[in-house]
Amino acid sequence: MTAQPPEPTPRPVPSGELRASHDDREAVVEQLRDAAAEGRIDLDELDSRLEQALTSKTYAELAVLTGDLPKSPSSAAANLPPLVLKGGMYGESRGPGRWEVPGHVIAHAGVGGVSLDFTRVECRLAEVVVEVYGETSGVTIVIPDGWATDTTGMAPGFGGLKDKTTPDRLPGTPLIRLTGSGGMAGVVIRHPNKRERRKLDGDATQD
C-alpha cells in the first residue's frame, strides 16, 4: 500500500482576520459617534468611517477605524470585576441612581431578596450578563425602555421567570443576558412601572 501523505495542519487564523460580529461593528459605530461629539473627527470623516464600519468583515478592518482614537469608556467597563449582590437576611439593592455597570452582575437573593435597577445608568457595553439566583425571596430587575433581554440561558426553577420586557431594542443599548436559576421565589425582569416612570420624569426635569 502506498503511504498516504499526512493531512495538512490547519493554519491558525490571526486574530485580526477573525470575522467581526454585528455587536463588534455596533461598538465601533458608537465609538466613532462619541469621537465626533468630542470634536476628534469631523462630520465628513465620521460619515466615511461609519460607512466602512458597517461593511467591515474582520477585526483588522474595524481596528484601523479607531486606531487613532482613545479607547471607548466601554473598554474600561468591560474590564471591571463582577458586581456581586447578596440579599442575605435584609436584602440588597443597586439603583435607582447612577452606577457603573460591569460586564457581569451576580445576584443571590437569599432571604432578603435583591433589586437591580438599570434605569438611571449610562451603559455602553454591547451586552451585560446578569447571573441571578432567586433562592428564597427572589430577584427583581428593572431595565429602561429600549433595552432588551435574552433569557434563554436561565433555568426557571420552582419560582419561575416573569419577563415583562418588550423585544424592541434601540441601537446602542445593551442586551441583558440572564443566566442562573429562579430558585424558590423566582425572578422578574421588567421596564419601569407607572410610579417609577413618574419619578424618572421628575428627576429628569430637575437635572
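Residues numbered from 1 in each chain as written. Predicted model: local features only at pLDDT ≥ 70, side-chain atom pairs only at ≥ 80, totals over all residues. Heavy atoms only, no water.

A. Just the sheet that holds strand β1 (residues 83-86), in detail. Taken in spatial order, the five strands make up an open sheet running β1-β3-β5-β9-β7, and their pairing is parallel. For this open sheet the edge positions go to β1 and β7 (148-155), each flanked by a neighbour on one side alone. Between one strand axis and the next, the sheet turns by 15° as a mean value, whatever way the strands run. (Pairing = 2+ DSSP bridges. Helix = DSSP H or I, 4+ residues; strand = E, 2+ residues; numbered from the N terminus. Axes fitted to C-alpha atoms, helices over the stretch in contact; angles between N-to-C directions.)

B. Fine view of the environment of T66. When you line up the elements, T66 lands in helix α3 (residues 59-66). Residue T66 is classed as buried on the basis of its relative accessible area of 15%. The sequence separation of T66 and R49 amounts to 17 residues, and the corresponding C-alpha distance is 9.0 Å. Residues in contact with T66, not counting those within four places in the same chain, are V28, Q31 and L32. (Buried < 20%, exposed > 50% of the residue type's maximum accessible area, 1.4 Å probe, protein only. Contact = heavy atoms within 4.5 Å.)

C. Looking closely at the environment of L85. Turning to its location among the elements, L85 is positioned in strand β1. According to the relative accessible area criterion, L85 is buried, its value standing at 0%. Spatially, the C-alpha atoms of L85 and S115 are 9.0 Å apart, while their sequence positions differ by 30 residues. In this structure L85 touches E92, R94, I106, A107, H108, V114 and L116, once residues within four positions along its chain are discounted.

D. Layout of α3. Listing the buried residues of α3 in full gives L62, L65 and T66. Taken end-on, α3 shows its buried residues confined to a sector of 85°, consistent with a single buried face. Packing partners of the buried residues in α3 comprise α1 (22-37) and α2 (43-55). (Arc of directions from axis to C-beta.)

E. Structural detail: α1. Here α1 spans 23 Å end to end across 16 residues, near enough to the 22 Å set by a 1.5 Å rise per residue. Of all the positions in α1, only R25, V28, V29, Q31, L32, D34, A35 and A36 are classed as buried. The positive-phi residue at the C-terminal boundary of α1 is G39, with phi of around 80°. (Expected span 1.5 Å × (residues − 1).)

F. Fine view of the nonpolar core. In this structure, F118, V130, V132, I141 and I176 are the most contacted members of the largest nonpolar core, which totals 25 residues. Every element with two or more residues in this core is listed here: β1, β3 (104-108), β4 (114-117), β5 (127-133), β6 (139-142), β9 (175-181) and β10 (187-190). In terms of residues, this core owes the most to one element, β5, which gives three residues. In this structure, V130 is in contact with V105, L116, F118, I141, I176, R177, L178 and T179, ignoring residues within four places of it in sequence. V29, L32, A53 and L65 belong to the second largest nonpolar core, which has 13 residues in total. (Core = buried A, V, L, I, M, F, W, Y, C linked by side-chain atoms within 4.5 Å.)

G. Structural detail: the sheet that holds β6. The five strands lie next to each other as β2-β4-β6-β10-β8, forming an open sheet whose pairing is parallel. Every other strand in the sheet has two partners, leaving β2 (92-94) and β8 (161-163) as the edge strands with one partner each. Along the sheet, successive strands turn relative to each other by an average axial angle of 5°, direction set aside. Bridge count between β4 and β6: four bridges; the pairing is parallel. Within β6, the residue paired with V114 across the bridge is V139.

H. The pattern of salt bridges, seen in detail. Tallied over the full model, the rule gives eight salt bridges. Among the salt bridges present, the one from E127 reaches R177, with a minimum N-O distance of 2.9 Å. Placement of E127 in strand β5 and of R177 in strand β9 is noted, with a sequence separation of 50 residues between them. The salt bridge involving R177 is made with D150; its shortest N-O contact spans 2.6 Å. Placement of R177 in strand β9 and of D150 in strand β7 is noted, with a sequence separation of 27 residues between them. (Salt bridge = Lys/Arg side-chain N within 4 Å of Asp/Glu carboxyl O.)

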